[in-house]
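Structure at a glance
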Amino acid sequence: MVLAVATTHVGNAAHVLALTAAILVIVWVVHYGGGANLNSSNPDLIFNVHPLVMTLGFILVIGEAIMVYKTVPTQKTVQKGIHMMLQLVALGLGILGIYAAFKYHKENQIPNMYSLHSWLGICTISLFALQWVFGFVNFWFPGAPPTTRAMMLPVHTTAGVVIFLMAICTAETGFMEKGAGGPGPETTLINFSGLFILLFGLVVCTSTALPRLLSL
């Protein structure tokens, strides 16, 4: 009973933080960036697709996928299917976000892969793709034997949380780059966006550790 109530409260907190972060990023992109358009002749609008998609479509979706087993009250098989589909959506949108960054660099003749943010981003999306394939093959189709799945589940779960935290770190370095232009309302908005993304990540990780913490 205590675990169910605590899980509900943590899940609700995560949803509120995710919604707040999404609103802040949308306001930043629309109000200060003029919108987002992958096919625009304005390189800045092309770039704006990157933070929009990577935040709303990659980090927030991954976090919700991680919490599915705690926040969606249904059969385990259905939870697993929702988890896999959300992760696949996040992977597709993550690839789109990276493509937008590369396209922006090409339009502005900026070198690719020169920053810590870009290094972390490529490592994160690559590991995430491998993690998804690993999970699909072993836990969905064709599926490993039950004993093997039981042995690999802690590894899969831990790796998922680590990759999720890598995505959070990548986002924070990106926000830091965009907020380095000096004090002002836009910088404040960017900083709050990064703060709420971080809080969301911490709450999601707490939801995965909650059963073990309450059992101590």
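Residues numbered from 1 in each chain as written. Predicted model: local features only at pLDDT ≥ 70, side-chain atom pairs only at ≥ 80, totals over all residues. Heavy atoms only, no water.

This brings us to the overall build of the protein chain. A tally of regular secondary structure across the protein chain gives six helices and zero strands. In the protein chain, the succession of helices and strands from N to C terminus is α-α-α-α-α-α. Here the C-alpha radius of gyration of the protein chain, 18 Å, is about what a compact globule of 216 residues would show, namely 17 Å. The C-alpha extent of the protein chain, read off along each of the three principal axes, is 55 × 35 × 25 Å. Counting across all 216 residues of the protein chain, residues that qualify as buried make up 43%. Considering only contacts within the protein chain whose residues lie at least 6 apart along the sequence, 72% involve residues at least 24 apart. Carbon and sulfur atoms form 72% of the exposed surface of the protein chain, whose accessible area is close to 11,600 Å². (Helix = DSSP H or I, 4+ residues; strand = E, 2+ residues; numbered from the N terminus. Rg over C-alpha atoms; globule rule 2.2 N^0.38 Å. Buried < 20%, exposed > 50% of the residue type's maximum accessible area, 1.4 Å probe, protein only. Contact = heavy atoms within 4.5 Å. Areas by Shrake-Rupley, 256 points an atom, 1.4 Å probe, with all protein chains shown as cover.)

Attention now moves to the UniProt feature "transmembrane region" (unreviewed entry) in the protein chain. In this structure's numbering, the residues bearing the UniProt feature "transmembrane region" (unreviewed entry) are residues 12–33, 45–69, 81–102, 114–141, 153–176 and 188–210. Along residues 12–33 the backbone is 95% helical and 0% strand, and the end-to-end C-alpha distance reaches 30 Å. With 100% helix and 0% strand, residues 45–69 has end C-alpha atoms that lie 37 Å from one another. (UniProt positions renumbered as here; feature names shortened; annotations may be inferred.)

Turning to a nonpolar patch on the surface, a few remarks are in order. On the surface, F102, M113, L116, W119 and I122 cluster together into a nonpolar patch covering about 450 Å² of accessible area. For L116, the position within the fold is in helix α4 (residues 116–139). (Patch = residues over 30% accessible without salt bridge, like charges linked within 9 Å, V, L, I, M, F, W, Y side chains within 5 Å. Salt bridge = Lys/Arg side-chain N within 4 Å of Asp/Glu carboxyl O.)

The next thing to look at is the side chain of H105. Position of H105 relative to the elements: it lies in helix α3 (residues 76–107). For H105, a relative accessible area of 15% gives the class buried.

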